[in-house]
Every structure is written in C-alpha cells, then in structure tokens.
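# Observations on the model geometry
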Amino acid sequence: MATFTKPAAAATLSELADSAGRSLARAQEQLVRAGETGAASMMMSEVTLEIRAALTPGAGELGVEPVSLARLTAGLPQDGLSTLKLRFVATAPPAEAAAHPPQRSAEAVAAEFRARAEIARLDKLLGPIQVRADYLAPQRRWLVSATDARGRLLRETLVDDTGAA
C-alpha cells in the first residue's frame, strides 16, 4: 500500500516526484508478490497523482509546500495554489514484450471498445472522446481507456488479446 509521510518543510519538485515514484514501485511490488501466491486482483499500469500545493521558488528548482487549513484561513489566496499532476506509466521490458506480441492491433481493439453501447452513449453526451489501447505483454491483455476532451478518464477496462473482455 502506498503511504504518504507529511514533510517537515517544503520539498523540491524532483524530490516529490522521486518519493511518489518509489512509493508506487513498492506498492506494485506488493501486488506482484500477491499474484505469485494467489490471484492478483489488480495491476497498476498507469497512475496519475494530483496535488494542490503552494509552489515556492528555490535555487534552480521549484519547491512544493504542503498547505494546511490553518494557512489557507490565514490568508493564502486560492490563486496562490497550484495543481500538480504527476503521471506514472508502467512499461514492460523489451524482451518481455517481444516474448508475447499482440494478436490484434491497437486500432482494432480501440474500434471494438468504441463500438460498445455505453462508450457510444458517452461520445454523444460528452462530445468526441479519445480511446487509447495499450498492450500489456505479460498479461496478454489490452488496457483500453476512454477520456473526454479535457483528459478526464471516463472508462477503463482490460480486454483479453483474444477479444474476450
């Protein structure tokens, strides 16, 4: 399980990203170990961490300062806060990906997903949606994601490379 420890003072942006990456890697290792002793119930392929914080200039790098309720009520303006989005994407080692090449193309998988009634309905309601299919070689599955024009995740599912959902 990923954990967060409140820093005593501001951290640099690279320290924050590095710490979050290590925490996610530990969580992924625990999921993999769980899969070795039984069926793993989930696998992280992509994680987005969104943080509201105050940014402070530093010596060549931005500092990220945690913001408390006390500091907000003491007069920190809302526009003094920044939203940071850190995106972590897992990739398979090249040898592992080559060992299990996909049977279908990403375009074919995305088209099949887009043809689902719920996705077609979302496309009509929210305007054009983006569908992306990423092949996960070790699982021989596709991670298919649908996002709106602003990049918000609408639906995500795993699809077997053989075509069964």
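Going by the structure above, here's the rest.
The structure presented is a predicted model; accordingly, all values stated were derived computationally and were not measured. (Residues numbered from 1 in each chain as written. Predicted model: local features only at pLDDT ≥ 70, side-chain atom pairs only at ≥ 80, totals over all residues. Heavy atoms only, no water.)

### With respect to the overall build of the protein
Tallying secondary structure elements over the protein gives five helices and seven strands in all. When the helices and strands of the protein are listed from N to C terminus, the series reads β-α-β-β-α-β-α-α-α-β-β-β. Out of the 165 residues belonging to the protein, those deemed buried represent 24%. Nonlocal contacts in the protein, meaning residues at least 24 apart in sequence, comprise 53% of its contacts between residues at least 6 apart. When the accessible surface of the protein is split by element, carbon and sulfur atoms take 57% of a total near 11000 Å². (Helix = DSSP H or I, 4+ residues; strand = E, 2+ residues; numbered from the N terminus. Buried < 20%, exposed > 50% of the residue type's maximum accessible area, 1.4 Å probe, protein only. Contact = heavy atoms within 4.5 Å. Areas by Shrake-Rupley, 256 points an atom, 1.4 Å probe, with all protein chains shown as cover.)

### Concerning the environment of alanine 111
With respect to the helices and strands, the residue alanine 111 is situated in helix 4 (residues 106-114). Each C-alpha atom of the pair alanine 111 and alanine 133 lies 9.5 Å from the other, and the pair is 22 residues apart in sequence.

### Focus: the sheet that holds strand 6 (residues 141-147)
Taken in spatial order, the three strands line up as 5-6-7 in an open sheet, and their pairing is antiparallel. The sheet is open, and its two borders are formed by strand 5 (130-136) and strand 7 (153-160), each paired with just one other strand. Pairs of neighbouring strands in the sheet enclose a mean axial angle of 20°, with direction left out of account. Sheet topology places strand 6 next to strand 7; seven bridges connect them, and they run antiparallel. Its bridge partner lying in strand 7, leucine 143 is registered against leucine 158. Running over the sheet, helix 4 touches strand 5, strand 6 and strand 7 and is turned about 130° from strand 5. (Pairing = 2+ DSSP bridges. Axes fitted to C-alpha atoms, helices over the stretch in contact; angles between N-to-C directions.)

### What to know about helix 4
Within the span of helix 4, buried status applies to Val109, Ala110 and Phe113. Along the axis of helix 4, the buried positions cluster into a sector of 100°, meaning they face one direction only. (Arc of directions from axis to C-beta.)

### A look at unusual backbone geometry
For arginine 140, which is not glycine, the phi torsion reads 55° and is therefore positive. The exposure class assigned to arginine 140 is partly exposed, which follows from its relative accessible area of 46%.

### Thoughts on the environment of glycine 60
With respect to the helices and strands, the residue glycine 60 is situated in the loop between strand 2 (46-56) and strand 3 (63-65). On a C-alpha basis, the gap between glycine 60 and threonine 12 in space is 9.9 Å, while along the polypeptide they are 48 residues apart.

### Thoughts on the nonpolar core
If you look at the biggest cluster of nonpolar residues, it comprises 13 residues, and the most contacted ones within it are Phe113, Ile129, Val131, Trp142 and Val144. Contributions of two or more residues to this core are made by helix 4, helix 5 (117-126), strand 5, strand 6 and strand 7. Ranked by size, the runner-up nonpolar core spans six residues in total, among them Leu16, Ala53, Val64 and Leu84. (Core = buried A, V, L, I, M, F, W, Y, C linked by side-chain atoms within 4.5 Å.)

### Remarks on the sheet that holds strand 2
Taken in spatial order, the four strands line up as 1-3-2-4 in an open sheet, and their pairing is antiparallel. Two strands lie at the open edges of the sheet, namely strand 1 (11-12) and strand 4 (81-89), each paired on one side alone.

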